Amino acid sequence: MKASRTLTGLSIIALAGTVAGAPSATASAQAAARPLAGTPPLRILLSDDDGYDAPGIRAVFDALTAAGHDVTIVAPADNQSGAGTRQSTAPTLKVRHVSAKVWAVGGTPGDSVSFGLFAVFKGRAPDLVVSGTNFGQNPAAIANHSGTVGAAVTALDNDVPAIAVSTEADPAGSAQPTLNAQRRTAGFMVDLLAELQRRRHGGRLLPDHTGLNINYPIIGADGDRPATRWALTRLDRQPLLTPSYQDDHDGTYKVSIAYTPQPPGPASDVAALADDKISITPIDGDWTADPGAYSRTAALLAGLKP
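The present account deals with the structure reproduced in this document. (Residues numbered from 1 in each chain as written. Predicted model: local features only at pLDDT ≥ 70, side-chain atom pairs only at ≥ 80, totals over all residues. Heavy atoms only, no water.)

A few points about the nonpolar core
At step 1: Membership of the largest hydrophobic core comes to 37 residues, with the highest contact counts inside it found for Ile 163 and Ile 214.
At step 2: Ranked by residue count, the leading element in this core is helix H7 (residues 175–200), at seven residues.
At step 3: If we ignore the near neighbours within four places in the chain, the residues touching Ile 163 are Leu 128, Val 129, Val 130, Ser 131, Ala 152, Met 189, Leu 192, Leu 193, Leu 196, Leu 206, Leu 212 and Ile 214.
At step 4: One finds Val 74, Val 105, Ala 151 and Ala 164 within the second-largest nonpolar core, a separate group that totals 19 residues. (Core = buried A, V, L, I, M, F, W, Y, C linked by side-chain atoms within 4.5 Å. Buried < 20%, exposed > 50% of the residue type's maximum accessible area, 1.4 Å probe, protein only. Helix = DSSP H or I, 4+ residues; strand = E, 2+ residues; numbered from the N terminus. Contact = heavy atoms within 4.5 Å.)

Right under this line is the structure:
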């Protein structure tokens, strides 16, 4: 069981920015990759919210490419952490074709996936959209505001299977354990896709309109040990992040955000991470309440006259 987390929400974003220029994890990712064992390679659109050249997305690109998949990065040109599902309505979008397999989009993760689906992959949708791996976890209510998850939801909105994947941030605030764990996360993604391919039997990788939100834990002090357990989870019903505002009396407020976890619910993503397990949460991008709440709401509104 992990010790109590003290990492602030903003420090996750700040750390992601400080490591964006880290070297590629090609060698480590190739060592972690497993062969496809006769299964056909997947055509994958890879995005994130940390930027097209962030260490996490590069680690996943290297690992999936080394495993034989056809991977194209279509991701924000700069850090878009916390962008959620937002998409631009501007009449133009600045895009740079960095290399044959890399596109840098001057917009949000949602803009990037939309451009990828309707421009880069126009006429033939990819088999899968992968978003991440993010620098910092995206469980519970954080998932609702995450650009990493938002990119996956954009794919689901367009009937393309999608996986959002994030790597836990070090509670001590050090970047290196997360960087190491991101390489482990990338290796896990290779294994996960191989398993999904083995079970697809010629069909879709995931059930219709369904994606996955994956959170990978840091194992060991340096983060360079693989996680050996996973759990199928639900989003925990807690905000995790608590803001505070200090009035500067000049029309501005100083904002600070604290990471304030409460005891996690059973079978939740927060509980799995605290127990050093990989959390795998099925998501569908549909914010309709569960059938019980839907029925109770219908009863409450039964006499409403417009």
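Picking up after the structure, the text goes on.
As for the pattern of salt bridges
At step 1: Scanning all chains against the criterion turns up nine salt bridges.
At step 2: Note that Asp 159 is salt-bridged to Arg 204, the shortest N-O span being 3.5 Å. On the criterion of sequence distance, the pair formed by Asp 159 in the loop between helix H6 (147–157) and strand E6 (162–167) and Arg 204 in the loop between H7 and strand E7 (211–216) is long-range, its members being 45 residues apart.
At step 3: Residue classification places Asp 159 among the partly exposed residues on the basis of a relative accessible area of 39%. (Salt bridge = Lys/Arg side-chain N within 4 Å of Asp/Glu carboxyl O.)

Quick notes on the environment of Val 270
At step 1: Tracing the sequence through the fold places Val 270 in helix H8 (residues 269–274).
At step 2: You can call Val 270 buried: its relative accessible area is 10%.
At step 3: Along the chain, Val 270 and Leu 235 lie 35 residues apart, while their C-alpha atoms are 7.7 Å from each other.
At step 4: Each residue touching Val 270, except ones within four places of it in the same chain, is listed here: Pro 139, Ala 140, Asp 236, Gln 238, Leu 240 and Pro 264.

Structural notes on the side chain of Asp 269
At step 1: Summarising the element assignment, Asp 269 is placed in helix H8.
At step 2: No salt bridge is formed by the buried Asp 269; its nearest oppositely charged neighbour, Arg 234, is found at 9.3 Å.
At step 3: Residues contacting Asp 269, with those up to four places away along its chain left out, are Pro 139, Ala 140, Thr 233, Arg 234, Leu 235, Asp 236, Ser 279 and Thr 281. (Lys, Arg positive; Asp, Glu negative; His and termini not counted.)

Quick notes on the packing of helix H4 (residues 109–120) against H6
At step 1: For the pair H4 and H6, interaxial distance at closest approach is 8 Å and the crossing angle is 30°. Comparing the axis directions of H4 and H6 gives the class roughly parallel. When the axes of H4 and H6 are compared, the crossing they make is right-handed. Contact residues: Pro 109, Gly 110, Val 113, Ser 114 and Leu 117 in H4; Gly 147, Ala 151, Thr 154 and Ala 155 in H6.
At step 2: Of the residues in the contact of H4 with H6, the class split is five nonpolar, four polar and no charged. (Axes fitted to C-alpha atoms, helices over the stretch in contact; angles between N-to-C directions. Parallel < 35°, antiparallel > 145°, perpendicular 65-115°, else oblique. Left-handed = near helix turned anticlockwise from the far one by under 90°. Nonpolar A, V, L, I, M, F, W, Y, C, P; charged D, E, K, R; others polar.)

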